[in-house]
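Residue-level structure breakdown
Listed below are the residues making up each chain.
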Amino acid sequence: MKTNLEFGPICRALLRNKVGAVLIALQIALTMTIVVNAIFIIVERQALMQRESGIDEANSFYLTSTGFGNDFEPKRVIEQDLDVIRNTPGVIDAIQINAIPISGGGWSMSLTTEPGDDQEDVSTANYFVDAHGINALDLEVIAGRNFTATDIRWRERNQPDWPDNAMITKALAEKLFPDIPWQSVVGKTVYIGDDEPVIVTGIVDKLQAPWIGWSELENAMLSPEKMVSESTRYFIRIEPGERDRLMAELEDTLANAYGNRLIRNVTTVTETRERSYRQHSAMIKILSTVMVLLTLITAMGIIGLTSFNVNRRRKQIGTRRALGASKQAIVRYFMLENVIISTTGILLGVAMTIGLNMLLIEWFAMTALDWYYIPAGMVVLFVVGQLAVLGPALKAAATPPAIATRTV
Amino acid sequence: MFYYYLKLASKSIKRTPWLSGLMMLAIALGIGACMTTITVNYLMSANPIPEKSDQLYYVQLDSWSPHFAAREPNEPPDQLTWTDATNLMQAQQAFRQSAMASSGGVVQPDNPDVKTFMASLRLNFADFFPMFNAPFLYGSGWQYSDDVARKQVAVISKETNDRVFGGENSVGKSITIAGEMFTVVGVLDEWVLVPRFYDVTTGAFSETEDVFIPFYMKQVMQLSNGGNTNCWKSPEGEGFEAFLMSECINYQMWVELPTDADRDAYMTFLNAYVDEQKALGRFPRPHNNRLSDVMTWMETEEVVADDAQIMMYMAFLFLFVCILNTVGLLLSKFATRNGDVALRRAIGATKGAIFAQYITETALIGLIGGVLGLALASLGLQAIESLYGDFISELVHLDATMVVLSFGIAITASVLAGCYPAWRVCSIPPASQLKTQ
Amino acid sequence: MLSMNNINKVFRTDLVETTALRDFNLTIDEGDFVSVTGPSGSGKTTFLNIAGLLETYTSGQYVLDGTDVSNLSDRQRSQLRNEKIGFIFQSFNLIPDLNLYDNVDVPLRYRGFSKQERHKRITQSLERVGLANRMKHLPAQLSGGQQQRVAIARALAGEPRFLLADEPTGNLDSQMAKSVMALLQEINQQGTTIVMVTHDPELAMQTGKNVFVRDGQISEHETLVPVALASNQ
């Protein structure tokens, strides 16, 4: 049966009962504002969290060894330790390293392509590794060559100069020399700390810096050296499934191998990632909860108010039924009413969503919302509104038409 | 009369349990979200030393590169070089002053039963303790003369004292720190600073250190650098001394200046000092020295995390939605009672009486919502602690202020929400509903 | 036009069973103006609800304008109501949020008429009841009699074959009642079948045929007593 949609009369009826409709529309607008911005933040944070560090995170861990006492010989202990670790069954490789990727603490330097302190510089994280670095960190040398044993030197405490050669990440190569293909960066000289030349002898595929919030996260440089230091970190890559066993085992082995030192902070990279990104994962969880609760509250609000309207309009609904409205027509009436209210709210919501996003950009240096979040949000809120109104509308449709002849 | 309204209100709430429950839940969720985020923000932005926060100043000197600023836009670096820290200390131009650094070292207790452990170290001057009102359990801090004489004295935290000395008064006892013997001169009591304002360069919500030793020990013992080290040019020469003498920054400095005149005088002194250094070929940038009091410094360092603020604003919007929701539901609820109101009006109730009756009802709903909200807030704070980890455990306590505030907000919110519906209901003409129904 | 054969209507609850109509038989011819009277609780309203397809019956047969309505779906019944039956209620049942124009429009919308057609019918029927000049007014701005006229206009706009009136003057004073009654008679004379339920003997006397209902059945022995008329004067 062909039935005219009742836009005009519903609108005019709504205008006579503005307050309820306005409240719902405002709730929808605010809900949309929060939900869309929250989803945007969530998606952004998730993208951050999905970035790969480049190392074999699941099968790596690290620990700190701190020696004490006046007769502590760092060089000897480090060599012995690395020997012991590398020869432990289940260990793929191990290195001494100055900083752990994505852990939050490390070294950085600025590099230039010409000497001099007035040159445009590119910042990079610095990792000190020996020839086992590539294997232990699970990197791939995609151009040039890996370090050899002869490249490696000992860096004394507070030694300011740098080895003659280094490997850098592909991302760093492209930043330093944007005009040439990254493969040809091998053999180029870069200047570290303004004027000290270092030759790039290899390019590695990917390795992140220690600071996940840093804009130059993908810039990393590997320097062929070991450090003379009482306190030192070993990074250990093991066979899959061996991690927990080897963490305990190596901690004991190392502690027993030499009395005058502490083995501390035995930590998996997985744990490190979790800790580094904890703020983001927390934000994601909190915003998700807020979103769900808010949508529920708004839906409940719509259900409550519509139910109330249905009760208040029982007689009117009965009359409509008596005058020939089918059950579907009654359901449609309430759905349509909700369409009008929702649309108003959603349109207002679009403006408010953009407004909040602009405020967030202004106050918190956030990025601008991608356009497609808006239509997506509109659809979601629209569907929520229609679903919420469905229950009360069906209840309305069940109103017996005979109620029209009841005089009370 | 109030009791009568209360009775009517509770009856009315019982009559519509679902609708009333929904309103309470909405208010509770809104309040819970707000309280949780307000608490975190409130504690983050708390004044850690209210009694003298406006007399303590963080010192910044712009010793940075001639070509670029330490921080855009043209901000001076957030730490000092060793050279400047020691020069300013030697000048002794402030009422109190302490340069400081952080480091770490192995503590070897004399007692063989106590395990050797890694301790966090703060290197500071004698004034540090009186300046920051550090609470002492035993003994006291050291003297500036001890600093100058490079005496190996230490103040240890209560926790360290418990660990190494089993909690007894250890003043006068010796302790081996990073391979050197120190004499304990003082034991601190529990010292919780939120934020740990004296050094926020490595995160504002770290704990206070395990061990405090004189600043010059850095040089004497060649202690490693804690916190952030930044250099705009490489040290000239090799070795520890070369690093100390370089333009690398790793040190913080606070001064206590009781009056504005003191402050101005110290600023003049700083500018004169920089001019002096310029003559020696340092400080290539124009004068850009800063003295920031505690709260200004906290703001500059953006101690309150963006995420916490974003969450708080979102929570306010959330509460607003919950209030709108409640207004809508109250309108519905009250509208069903038009007959009742008309009857009451007909038998002599004034508009005011009707209004009072309905406002009482909304306030009751608000109160219950507030209690629920408070429960939700403490759950929320627990959730935040479990999500963010222990390091913010000092930020997730509900204190009395917060409890009062949450009830205030809950009742205000619900009464505000109830005003319009109650006004609508009390303006029903007395006879209107009696005839036709 | 309308024929009911042995209609029974039983209301059941967990505890009791109430028979509202018992073997109810009634035939109404095209063009009749029938009044249905009877004491409270006699089944008048049940009869009206069944005749108007607002309620279903328990057993029996009801043929409306050649259609046996026994096995129709809710949608078909709605459509039938919409096309063949006009309703006039005691309390008018105008929709308070809609103006007169939109109120008359309600059944026409469900009929699926074009906008022009609806407009034509709304204006015509409002003109017919003398309220064309107040189209934009809300029901609350009219007197009771005027409201009932709007309800009549709403019933007429769909040009039903059959008009069901439930105490149409029950909420009106005598002056207004008279004019509403006159309007109904005029409509009847133009060919519309009318069934009017009322408890007012005076009104019933003014219709061509009267049916007296008692205990869910048509009572053959009782008719309207002219004395009632006399006593009312």
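Residues numbered from 1 in each chain as written. Chains lettered and ligands numbered in written order. Predicted model: local features only at pLDDT ≥ 70, side-chain atom pairs only at ≥ 80, totals over all residues. Heavy atoms only, no water.

Focus on the overall build of chain C
When you go through chain C residue by residue, the secondary structure sums to eight helices and 10 strands. In terms of overall size, chain C behaves like a compact globule, its C-alpha atoms giving a radius of gyration of 18 Å where 233 residues would be expected to give roughly 17 Å. Dimensions along the principal axes, computed over C-alpha positions, put chain C at roughly 50 × 45 × 35 Å. The buried share of chain C, taken over its 233 residues, is 54%. Carbon and sulfur atoms provide 46% of the accessible area of chain C, an area that totals close to 10,100 Å². Between the averaged position of the 23 positive side-chain charges in chain C and that of its 26 negative side-chain charges there is a distance of 7 Å. (Helix = DSSP H or I, 4+ residues; strand = E, 2+ residues; numbered from the N terminus. Rg over C-alpha atoms; globule rule 2.2 N^0.38 Å. Buried < 20%, exposed > 50% of the residue type's maximum accessible area, 1.4 Å probe, protein only. Areas by Shrake-Rupley, 256 points an atom, 1.4 Å probe, with all protein chains shown as cover. Lys, Arg positive; Asp, Glu negative; His and termini not counted. Charge placed at Lys NZ, Arg CZ, Asp CG, Glu CD.)

Describing the domain arrangement of chain A
By domain assignment, chain A separates into domain 1 (7–50 + 278–405) and domain 2 (73–259). For domain 1 of chain A and domain 2 of chain A, the distance between their C-alpha centroids amounts to 54 Å. (Domains from an automatic or database assignment.)

Concerning the interface of chain B and chain A
Listed as interface residues are 47 residues of chain B and, on the opposing side, 46 residues of chain A. Between chain B and chain A, roughly 4,200 Å² of surface is buried when both sides are summed, and carbon and sulfur atoms account for 75% of that area. Of all residues in chain B, the largest losses of buried area upon contact with chain A belong to B:Met314, B:Val321 and B:Leu387, amounting jointly to 15% of the total for that side. Along the contact surface separating chain B from chain A lie one salt bridge. Two residues, A:Arg45 and B:Asp307, come together in a salt bridge whose shortest N-O distance is 2.8 Å. At the junction of chain B and chain A, the tally comes to three residue pairs in polar contact (both at pLDDT 80 or more). Counting only elements with at least two residues in the side of chain B that touches chain A, the list comes to helix H2 (17–44), strand E3 (96–108), strand E4 (117–124), helix H8 (239–244), helix H11 (306–335), helix H13 (351–388) and helix H14 (400–426) of chain B. Take the side of chain B that touches chain A: its biggest share by element is 20 residues, from H11(B). (Contact = heavy atoms within 4.5 Å. Buried area = accessible area lost by both parts, 1.4 Å probe. Salt bridge = Lys/Arg side-chain N within 4 Å of Asp/Glu carboxyl O. Polar contact = N/O pair within 3.5 Å; in protein donor to acceptor, adjacent residues only side chain to side chain.)

Brief notes about the UniProt feature "transmembrane region" (unreviewed entry) in chain A
All names here are of chain A. In the UniProt entry, the feature "transmembrane region" (unreviewed entry) is given for residues 21–43, 286–310, 331–359 and 371–390. Strand forms 0% of residues 331–359 and helix 100%; the C-alpha atoms that close the span are 40 Å apart. Between the C-alpha atoms that bound residues 371–390 the distance is 30 Å, and the span itself is 90% helix and 0% strand. (UniProt positions renumbered as here; feature names shortened; annotations may be inferred.)

So, the sheet that holds strand E5 (residues 67–68) of chain C
All names here are of chain C. Read from one edge to the other, the open sheet built from four strands follows the order E2-E1-E4-E5, with strand pairing classed as antiparallel. Every other strand in the sheet has two partners, leaving strand E2 (17–28) and E5 as the edge strands with one partner each. Taken strand by strand, helix H1 (residues 44–51) contacts strand E1 (2–12), E2 and strand E4 (59–64), and its axis lies near 120 degrees from that of E1. (Pairing = 2+ DSSP bridges. Axes fitted to C-alpha atoms, helices over the stretch in contact; angles between N-to-C directions.)

What to know about the packing of aromatic side chains
Across all of its chains, the model carries 43 aromatic pairs over all chains by this definition. Aromatic side chains A:Phe72 and A:Tyr258 sit 5.5 Å apart centroid to centroid with 75 degrees between the ring planes, which places their arrangement in the edge-to-face category. In this pair, A:Phe72 is assigned in the loop between strand E1 (60–67) and helix H3 (74–86) and A:Tyr258 in the loop between helix H6 (243–257) and strand E12 (261–268), connecting sequence segments 186 residues apart. Residue A:Phe72 shares its accessibility class with A:Tyr258, and that shared class is buried. For the ring pair B:Tyr420 and B:Trp423, a centre distance of 6.1 Å and an interplane angle of 35 degrees mean the geometry is tilted. On the criterion of helical spacing, the pair formed by B:Tyr420 and B:Trp423 is a turn pair, its members being three residues apart in helix H14. What makes B:Tyr420 partly exposed here is its relative accessible area of 30%. Connected via pairs of aromatic rings, a cluster forms that spans B:Tyr58, B:Phe128, B:Phe129, B:Phe132, B:Phe136, B:Trp142, B:Trp191, B:Phe197, B:Tyr198, B:Phe212, B:Trp254 and B:Trp297. Between A:Arg155 and the ring centre of A:Trp162, over which it is positioned, the NZ or CZ distance is 4.4 Å. Over the ring of C:Tyr101 we find C:Lys136, and its NZ or CZ is 5.4 Å from the ring centre. (Phe/Tyr/Trp six-rings, centres within 6.5 Å; stacked < 30°, edge-to-face > 60°. Lys NZ or Arg CZ within 6 Å of the ring centre and 35° of its normal.)

So, the UniProt feature "domain: ABC3 transporter permease C-terminal" (unreviewed entry) in chain A
Using the residue numbers shown here, the UniProt feature "domain: ABC3 transporter permease C-terminal" (unreviewed entry) corresponds to residues 289–401 of chain A. The distance from the first to the last C-alpha atom of residues 289–401 of chain A is 43 Å, and the span holds 85% helix and 0% strand.

Quick look at helix H5 (residues 144–157) of chain C
The end-to-end C-alpha distance of H5(C), which contains 14 residues, comes to 20 Å, matching closely the 20 Å that a straight helix rising 1.5 Å per residue would cover. The buried fraction of H5(C) is high, at 11 of 14 residues. For H5(C), the set of buried residues is C:Gly145, C:Gln147, C:Gln148, C:Val150, C:Ala151, C:Ile152, C:Ala153, C:Arg154, C:Ala155, C:Leu156 and C:Ala157. Contacts from the buried residues of H5(C) go to helix H9 (314–322) of chain A together with strand E6 (85–88), helix H3 (100–111), helix H4 (115–128), strand E7 (162–166) and helix H6 (174–189) of chain C. Just downstream of H5(C) lies C:Glu159, where phi reads positive at about 50 degrees. (Expected span 1.5 Å × (residues − 1).)

Some details on the state of the cysteines
Note on terminology: a disulfide is the covalent bond linking the sulfur atoms of two cysteines. Residues and elements named next belong to chain B. Going through the model one piece at a time under the given rule, you end up with one disulfide over all chains. One disulfide in the model links cysteine 231 with cysteine 248; its S-S distance is 2.2 Å. Judged by the sign of its S-S torsion, about 110 degrees, the cystine formed by cysteine 231 and cysteine 248 is right-handed. Of this pair, cysteine 231 sits in the loop between helix H7 (217–221) and H8 while cysteine 248 sits in the loop between H8 and strand E10 (249–256), and the two are 17 residues apart along the sequence. Residue cysteine 231 is classed as partly exposed on the basis of its relative accessible area, which comes to 39%. Judged by its relative accessible area of 2%, cysteine 248 is buried. Cysteine 426 carries a free sulfur, and the closest cysteine sulfur to it, the one in cysteine 419, is 10 Å from it. (Disulfide = S-S within 2.5 Å.)

Overview of the interface of chain C and chain A
Taken together, the contact pairs 34 residues of chain C with 29 residues of chain A. Taking both sides of the interface into account, the surface hidden between chain C and chain A amounts to around 3,000 Å²; carbon and sulfur atoms contribute 52%. On inspection of chain C and its partner chain A, the count reaches two salt bridges. Between chain C and chain A we count 12 residue pairs in polar contact (both at pLDDT 80 or more) in total. Those elements that provide at least two residues to the side of chain C that touches chain A are H1, helix H2 (74–84) and H3 of chain C. At seven residues, H3(C) tops the list of elements feeding residues into the side of chain C that touches chain A. Looking at the side of chain C that touches chain A residue by residue, the class counts come to 12 nonpolar, 10 polar and 12 charged. (Nonpolar A, V, L, I, M, F, W, Y, C, P; charged D, E, K, R; others polar.)

Observations regarding empty space enclosed by the protein
In total, this model carries three cavities of 30 Å³ or more according to the counting rule given. Volume-wise, the largest cavity comes out at about 70 Å³. Along the walls of the largest cavity sit A:Leu323, C:Arg81, C:Asn82, C:Glu83, C:Ile85, C:Gly86, C:Phe87, C:Pro107, C:Arg154, C:Ala155, C:Gly158 and C:Pro160, which together make up its complete lining. Elements with a contribution of two residues or more to the lining of the largest cavity: H2, E6 and H5 of chain C. (1 Å grid on protein atoms, 1.4 Å probe; cavity = no way out; pocket = protein on both sides within 12 Å on 5 of 7 lines; lining within 4 Å. Points joined across faces, edges and corners; volume = space filled by probe spheres on them.)

Topic: unusual backbone geometry
Residues and elements named next belong to chain B. Each neighbour pair has its own omega, and for valine 194 with proline 195 the value is -10 degrees, a cis peptide bond. Along the chain, proline 195 falls in the loop between strand E8 (180–188) and strand E9 (211–214). The phi dihedral of alanine 178 falls on the positive side, at around 50 degrees, and the residue is not glycine. Note on placement: alanine 178 falls in the loop between strand E7 (174–177) and E8.

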